[in-house]
Amino acid sequence: VVVVVVVVVTAVVLSNRTDTFKATFIQECERRTPENTSTDCVEVWSAFEQAYVGRDPCQVPPEAYDHLLSVAPPQPACNRMLFWSGTKEVAHQVSEGCYQTMEDSMLGSVLDGMTWCGKEGSNETFTSGCPGWTECVNNPVRSFWSRASAEFAAVACGDAAVLLNGSSDTPFDPHCTFGSIEVKNFTPGLMKSLTVVLVTKDNVGANCTDESLKNLQKELKPGMKYICKEKTESELLTCKKNQDQSCVPCW
Ligand code: N1C
């Protein structure tokens, strides 16, 4: 009897977990999808779950999300694309209501901060006990951000910007998502320029002559203009506060 109760309770808890994650996903998807579009959030969920359900959570490559990205592609906002690396919080404070970050795309907003994975022989979605970011490269969460970031970068158009962390030893880190995926996926001709905004706390740290930025410039395809600006966090936040929804860039 005890065994049966434990099995039943475990089954209920597990399926609730899938249900909660699924419900949140669909609810967020619907909230983020304008009514005049043809996006079907149940279909988006199926495309999402198909990427990792029933699979070894260390064997989900970025391509597993190809179908998901074709069902729910990021919508670019030309001249308003904002990338970031090591500056997530300030990037979102500055972008709010004006700039488009990955987290402003429907999938990005639904999945930001979430953890998920499947298991071989199971049709469940698990939200704990999943491999960490570096535990294995092909884990469901890391592969999602890799694939979605590549797409987000590929459709970036016009003049784009990236907030890099000037307090870091390597503001342009070639191993991060921005350095290893996004920069390599910019489309020449579509993206006209990239403005690097080097963000520091109080003007201490790296400046635009930083060695790591030379590597970034080398990665940019010919014809793509490179601009670098140095800003403190408080300069950016004050500018943002004063602009009164006018959406003028703060750099
Ligand atoms: O590895 P990073 O930064 O260079 O990645 C940031 C870069 C942004 O421009 C985004 O477009 O890549 C995209 N991106 C996300 O949008 C995102 N949201 C949440 C990459 N990673 C994202 N995360 C989580 O942040 C992810 O789980 C990973 O662990 C961090 C990466 O942050 P980073 O090293 O500062």
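Higher on the page you've got the structure.
Residues numbered from 1 in each chain as written. Predicted model: local features only at pLDDT ≥ 70, side-chain atom pairs only at ≥ 80, totals over all residues. Heavy atoms only, no water.

A. The arrangement of the side chain of Ser-85 in detail. Its location among the elements puts Ser-85 in strand β1 (residues 82-85). Excluding its chain neighbours within four sequence positions, the residues that come into contact with Ser-85 are Leu-163, Leu-164, Asn-165, Cys-176 and Phe-178. (Helix = DSSP H or I, 4+ residues; strand = E, 2+ residues; numbered from the N terminus. Contact = heavy atoms within 4.5 Å.)

B. Seen up close, the pattern of salt bridges. Following the criterion strictly, the structure yields seven salt bridges and no others. With a closest N to O distance of 2.7 Å, Asp-112 and Lys-88 form a salt bridge. Of this pair, Asp-112 sits in the loop between α5 (106-111) and α6 (140-154) while Lys-88 sits in helix α4 (residues 88-95), placing them 24 residues apart in sequence. A residue is classified by how much of its surface remains accessible, and Asp-112, at 29% relative accessible area, is partly exposed. With a shortest N-O distance of 3.1 Å, Glu-219 and Lys-184 are connected by a salt bridge. Placement of the pair is Glu-219 in helix α8 (residues 211-219) and Lys-184 in helix α7 (residues 177-185), with a sequence separation of 35 residues. Beyond isolated ion pairs, a larger network of salt bridges with shared partners links Asp-66, Arg-147 and Glu-151. (Salt bridge = Lys/Arg side-chain N within 4 Å of Asp/Glu carboxyl O. Buried < 20%, exposed > 50% of the residue type's maximum accessible area, 1.4 Å probe, protein only.)

C. Spatial organisation of the nonpolar core. Counting residues in each nonpolar core, the largest one holds 49 residues, and the members touching the most others are Phe-48, Tyr-65, Phe-83, Phe-178, Phe-186, Leu-194 and Leu-216. It is α6 that contributes the most residues to this core, six residues altogether. For Tyr-65, the residues in contact, after removing those within four places along its chain, are Phe-48, Ala-51, Tyr-52, Val-60, Trp-116, Pro-140, Ser-143, Phe-144 and Arg-147. Membership of the second largest hydrophobic core comes to 14 residues, among which are Cys-98, Tyr-99, Ala-161 and Leu-163. (Core = buried A, V, L, I, M, F, W, Y, C linked by side-chain atoms within 4.5 Å.)

D. Fine view of the packing of α4 against helix α9 (residues 233-242). Where α4 meets α9, the axes come as close as 9 Å, and the angle between the chain directions of the two elements is 20°. It follows that α4 is roughly parallel to α9 by the angle criterion. Of the two elements, α4 crosses α9, and the hand of that crossing is left-handed. Between α4, through Val-90, Gln-93, Val-94 and Ser-95, and α9, the contact on the second element is made entirely by Glu-233, Leu-236, Leu-237 and Lys-240. Across the contact of α4 with α9, the residue classes tally to four nonpolar, two polar and two charged. (Axes fitted to C-alpha atoms, helices over the stretch in contact; angles between N-to-C directions. Parallel < 35°, antiparallel > 145°, perpendicular 65-115°, else oblique. Left-handed = near helix turned anticlockwise from the far one by under 90°. Nonpolar A, V, L, I, M, F, W, Y, C, P; charged D, E, K, R; others polar.)

E. Seen up close, the layout of surface pockets. In this structure, the largest pocket spans a volume of roughly 430 Å³. Listed by contribution, the elements that provide at least two residues to the lining of the largest pocket are β1, α6 and α7. Looking at the lining of the largest pocket residue by residue, the class counts come to 10 nonpolar, eight polar and five charged. Considering only enclosed or pocket space, the second largest pocket measures out at about 330 Å³ in volume. In terms of lining, the second largest pocket is formed by 16 residues, of which the most central are Pro-34, Thr-39, Pro-73, Gln-75 and Met-106. (1 Å grid on protein atoms, 1.4 Å probe; cavity = no way out; pocket = protein on both sides within 12 Å on 5 of 7 lines; lining within 4 Å. Points joined across faces, edges and corners; volume = space filled by probe spheres on them.)

F. Region of interest: the side chain of Glu-103. Along the chain, Glu-103 turns up in the loop between α4 and α5. Although Glu-103 lies buried, it forms no salt bridge, and the closest oppositely charged side chain, Lys-88, sits 5.0 Å away as judged by the N-O distance. A polar side-chain atom of Glu-103 sits 3.3 Å from a polar atom in the side chain of Trp-84. Not counting chain neighbours up to four residues away, the residues in contact with Glu-103 comprise Trp-84, His-92, Gly-108, Ser-109, Asp-112 and Trp-145. (Lys, Arg positive; Asp, Glu negative; His and termini not counted. Polar contact = N/O pair within 3.5 Å; in protein donor to acceptor, adjacent residues only side chain to side chain.)

G. View of empty space enclosed by the protein. One pass over the full model with this rule turns up one cavity of 30 Å³ or more. Every residue lining the largest cavity is listed: Val-94, Tyr-99, Lys-240, Gln-243, Val-248, Pro-249, Cys-250 and Trp-251.

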